[in-house]
Amino acid sequence: MTSGIPQARYAARLTAARRAAADAGLAALLVGVGADLHYLAGYEAMPLERLTLLVIPTGDEAPLTLVAPRLEAAPARSCPAVASGVVEVVTWEETDDPMALVASLVTAIGRPAGETAAVAISDGMRAAFVLGLQHVLPTARFSLASSVLRSLRMRKDDDEVALLRRAAQAADRVVLAIAAGRLVGRTEDDVAREVRDRLVSEGHDHAEFWIVASGPNSASPHHDPGDRVIAAGEPIVVDIGGRLGGYGSDITRTLWVTGGDPALGPDPEFLALYTVLQHAQAAAANVVRPGITCERVDIVARTMIADAGHGSMFIHRTGHGIGLEGHEEPYIVAGNRERLAEGMAFSVEPGIYYDGRFGARIEDIVVCGDDGPIILNEVQRHLLVVAGL
């Protein structure tokens, strides 16, 4: 995987994380395998049962240490933060106790007599690792690393936005190719397989999801493509995405397949529903700017859909953050009073679903710009009426 993040950026991120942890009164951040480690060190480590952990003490003079099993030494040493000399690698053998090694690093930090060390651990760390760390650090107070890292990761810099844009544009091309191709007579699973192949051929490192939901299945937001054969005269919700340079794509468009017969085009009821959805999605995206709350974006879309009589059929939040994870903060949902800031990236994806009949959804990735929205996806948002032949 080729990253578009300059190597020097990781040193700046680690410095910012250390400073934020110190401000929070922590002795150390303990960062396990996952998006936090990728963000801070540029290391996309394998999620093994063997412990890999980045120890970030808050003292300015204390070394930053990446604890890794010896068999993973080569990839650990090649990650940007290590290669640049900012982080040192300490390996452990198969018969060693890696928890004891981590404990020695944490206790070596030193605290005033009688003071209990506070450490923050990655939110998604394996339970076995959490319990192991609690066992070797029995007096430490544990909290979640997101309490200090969330504000860093939520606001994307220009290089991150560029990667998100590249990913979005690649996914756009896949949607257009699927819409232009044969659909009638194929199974959902067959089309989903094509989606996966096209995401990679358009530049993604890998595909992550490939929802192809036809006919009544379009009313299931997270439908798993199956052996249903796509027919003329019905909608298809296509929701796809993957990773490009480590950063995610996520786009949804709704198609209507006619089979080349104008008489099998969308009926007035579906067209009316879709018009409401299109206006709601556009209004929600266009309200984005620094200072408004996340829930405000949700309220705009939800109010318009409810006023048209479909409120109970909009059954999920309006959006989720995106970056190194497909779903991350900020979440665009009622009750989230976090204020948007420049660089925050998230989906805007209202939907309307009538169980057993049909559904529709429109999704774009939006970045909060300095004075308004930056919409990364460019595929037209009106109902894509296609022959599918």
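This text follows the structure it describes.
Below is a short write-up of the structure.

Calculation criteria
- Residues numbered from 1 in each chain as written.
- Predicted model: local features only at pLDDT ≥ 70, side-chain atom pairs only at ≥ 80, totals over all residues.
- Heavy atoms only, no water.
- Helix = DSSP H or I, 4+ residues; strand = E, 2+ residues; numbered from the N terminus.
- Rg over C-alpha atoms; globule rule 2.2 N^0.38 Å.
- Buried < 20%, exposed > 50% of the residue type's maximum accessible area, 1.4 Å probe, protein only.
- Contact = heavy atoms within 4.5 Å.
- Areas by Shrake-Rupley, 256 points an atom, 1.4 Å probe, with all protein chains shown as cover.
- Lys, Arg positive; Asp, Glu negative; His and termini not counted.
- Charge placed at Lys NZ, Arg CZ, Asp CG, Glu CD.
- Core = buried A, V, L, I, M, F, W, Y, C linked by side-chain atoms within 4.5 Å.
- Expected span 1.5 Å × (residues − 1).
- Arc of directions from axis to C-beta.
- Patch = residues over 30% accessible without salt bridge, like charges linked within 9 Å, V, L, I, M, F, W, Y side chains within 5 Å.
- Salt bridge = Lys/Arg side-chain N within 4 Å of Asp/Glu carboxyl O.

1. Focus on the overall build of the chain
- Scanning the chain from N- to C-terminus turns up eleven helices and 18 strands.
- Taken over C-alpha atoms, the radius of gyration comes to 23 Å for the chain, in line with the 21 Å a tight globule of 389 residues would show.
- By principal-axis analysis of the C-alpha atoms, the chain measures approximately 80 × 40 × 35 Å.
- Burial analysis of the chain (389 residues in total) assigns 52% to the buried set.
- In the chain, the share of contacts with a sequence separation of at least 24, taken over all contacts with a separation of at least 6, comes to 67%.
- Working note: accessible area of the chain is about 16,000 Å², and carbon and sulfur atoms make up 52% of it.
- Charged side chains in the chain number 34 positive and 50 negative. The centres of these two groups are separated by 2 Å.

2. Some points on the nonpolar core
- In this structure, Leu-29, Leu-40, Leu-54 and Leu-66 are the most contacted members of the largest nonpolar core, which totals 43 residues.
- With sequence-adjacent residues up to four places away left out, Leu-66 is seen in contact with Leu-37, Tyr-43, Thr-52, Leu-53, Leu-54, Ala-76, Val-82, Val-87, Glu-88, Val-89 and Val-90.
- Membership of the second largest hydrophobic core comes to 33 residues, among which are Leu-277, Val-297, Phe-314 and Tyr-354.

3. Quick notes on the side chain of Glu-234
- Tracing the backbone through its elements, the reader meets Glu-234 in strand β8 (residues 234-244).
- Dropping the residues within four chain positions of it, Glu-234 is found in contact with Ser-214, Gly-215, Arg-228, Val-229, Leu-255, Trp-256 and Val-257.

4. Side note on helix α1 (residues 7-23)
- Taking 1.5 Å of rise per residue, 17 residues should cover 24 Å, and α1 covers 26 Å from first to last C-alpha, within 8% of that figure.
- Residues of α1 that are buried: Tyr-10, Arg-13, Leu-14, Ala-17, Arg-18 and Ala-21. Projected down its long axis, α1 carries its buried residues within an arc of 135°, all on one side. The exposed residues of α1 that point more than 90 degrees off its buried face are Ala-8 and Asp-23.
- Gly-25 sits one or two positions beyond α1 and adopts a positive phi of about 80°.

5. Description of a negative patch on the surface
- Together, Asp-158, Glu-342, Asp-370 and Asp-371 line one region of the surface with negative charge.
- Judged by its relative accessible area of 69%, Asp-158 falls in the exposed class.

6. Here we look at the pattern of salt bridges
- This model, assessed by the stated rule, comprises 28 salt bridges.
- Between Glu-49 and Arg-50 there is a salt bridge, with the nearest N and O atoms lying 3.6 Å from each other.
- Overall, Glu-49 belongs to the exposed group, its relative accessible area being 52%.
- On the accessibility criterion, Arg-50 (21% relative accessible area) is partly exposed.
- We note a salt bridge from Arg-361 to Asp-239, for which the minimum N-O separation is 3.0 Å. With Arg-361 in strand β15 (residues 358-361) and Asp-239 in strand β8, the pair connects residues that are 122 residues apart, well separated along the chain. The same class applies to Arg-361 as to Asp-239, namely buried.
- Connected through shared salt-bridge partners, Arg-186, Asp-189, Asp-190, Arg-193, Glu-194 and Arg-198 make up one network.

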